[in-house]
Amino acid sequence: SPLPQHARAAAMRISISALIVLASGAVDVHSFGVALRPAVAARGRLATPARAARVHSIRASESASSSVAEYTNAGRELPLAAKEKLFLDSIAAFYNDEKSLLDNDDYERLKMDLEFEASKYVTMSRDELKFVIASSRYREGKPIMNDAEYDALRKELKSKNSPAVIHDAPTCKVDSGICKSDASPDQGKNLVLYLPGTVASAVLWTELLYWTKGWDPLLAAIFGSPLIYLGARLITEKILFQNPLVVSTTCPSCSSVINLYFGDVLGVNNENMMATEHECPVCKAKLTGNRETMIVETPAKTV
């Protein structure tokens, strides 16, 4: 039988109350979930610094793998800089990390590509490549040798006028304001220094044999070339100049190409054997050159 009217009204009030309770419960759960999210986010932020190094390593590994895959798939479509980096990374991985980034066929193909594009790295010696890789690993925070070994290797390559240790542009320090640039022997001007001694030695030798033995001057010069060479060095390095050396460098201040001279002239000055002071003819900057390190630098800036 149908419920009385007051019973239906009571049942409706109970249903409405139940809906209100459920709705308030849903709001509470929803608000609790919202309040929980910042805590989860905070835990994620706390975990980020601990994972930073691993993420960087993973990204670097993925980048190297991507370069390897890109080269093995695309080959000669890679730019020269990317090929050179892959070449150095493969050598460093083989000798330092004891792993191979490229197989033998891909490595030889990469080397041939670099030779065809006249890359400077394929003509470098083992020590030059070791220096380049050591510099690259140091910038990446993964040094492969200590400072003493690095300086000794750099000095050895510098004495051989290796292009691996010569910077393309001057470098400056922000704290001291000192700017430096690399110097290299100027072979042309150094030969000119020996020209007077060579001529004098050749004339003395040929005239001596002509007047004493009756030799033809041309034959005397040919057969006496070793003695002429020794005489030229004696006259140049002991009489005209003392331990001469002309170097070419760029001004650390204005990047103009200049020459510096180390040594004495007729024994007049003996203070610039190993160091010399020079004024740039373009910007008038005061420069100091060091013969041992083959570095030219500007003085420190005063505040």
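First, a word on scope: everything that follows refers to the structure included in this document. (Residues numbered from 1 in each chain as written. Predicted model: local features only at pLDDT ≥ 70, side-chain atom pairs only at ≥ 80, totals over all residues. Heavy atoms only, no water.)

### A short note on the overall build of the chain
A tally of regular secondary structure across the chain gives 8 helices and 7 strands. Per-residue burial over the chain gives 28% buried out of 303 residues. Across the chain, the fraction of contacts at a sequence separation of at least 24, relative to all contacts at a separation of at least 6, is 54%. Accessible surface computed for the chain: about 20600 Å², of which carbon and sulfur atoms make up 61%. (Helix = DSSP H or I, 4+ residues; strand = E, 2+ residues; numbered from the N terminus. Buried < 20%, exposed > 50% of the residue type's maximum accessible area, 1.4 Å probe, protein only. Contact = heavy atoms within 4.5 Å. Areas by Shrake-Rupley, 256 points an atom, 1.4 Å probe, with all protein chains shown as cover.)

### Some words on a nonpolar patch on the surface
Taken together, the side chains of W215, L218, L219, I222 and F223 define a hydrophobic patch exposed on the protein surface, amounting to about 560 Å² of accessible area. Tracing the backbone through its elements, the reader meets L219 in helix α7 (residues 217-223). (Patch = residues over 30% accessible without salt bridge, like charges linked within 9 Å, V, L, I, M, F, W, Y side chains within 5 Å. Salt bridge = Lys/Arg side-chain N within 4 Å of Asp/Glu carboxyl O.)

### Description of helix α4 (residues 126-139)
Given 3.6 residues to a turn, an α-helix orients residues that are three or four positions apart in the same direction. Along its 14 residues, α4 runs 20 Å from first to last C-alpha, staying within 8% of the 20 Å computed at 1.5 Å per residue. On its buried side, α4 packs onto α2 (80-95) and α5 (147-159). Taken from the residues just after α4, G141 is the one with a positive phi, measuring 80 degrees. (Expected span 1.5 Å × (residues − 1).)

### Describing the state of the cysteines
The tally for this structure, following the rule as stated, stands at 1 disulfide. A disulfide bridge connects C172 with C179, and the sulfur atoms are separated by 2.1 Å. Since a negative S-S torsion denotes a left-handed disulfide, the C172-C179 link at about 110 degrees is right-handed. Residue classification places C179 among the buried residues on the basis of a relative accessible area of 12%. The cysteine C251 is free of any disulfide, with C283 supplying the nearest cysteine sulfur at 3.6 Å. A residue is classified by how much of its surface remains accessible, and C251, at 0% relative accessible area, is buried. C254 forms no disulfide, and the closest cysteine sulfur to it belongs to C283, at a distance of 3.6 Å. (Disulfide = S-S within 2.5 Å.)

### Comments concerning the pairing of strand β2 (residues 179-185)
Where burial is concerned, most of β2 is hidden: 5 out of the 7 residues are buried. Judged from the 2 bridges that link them, strand β1 (residues 171-172) and β2 form a sheet pairing that is antiparallel. Each residue of the ladder has a partner; that of C172, found in β2, is C179. Between β1 and β2, which pair antiparallel and follow one another directly, the connecting turn spans 6 residues, one of which, G177, has a positive phi of 80 degrees. One ladder, built from 3 bridges, connects β2 with strand β3 (residues 241-250); its direction is antiparallel. Within β3, the position partnered with A183 by the bridge is T249. (Pairing = 2+ DSSP bridges.)

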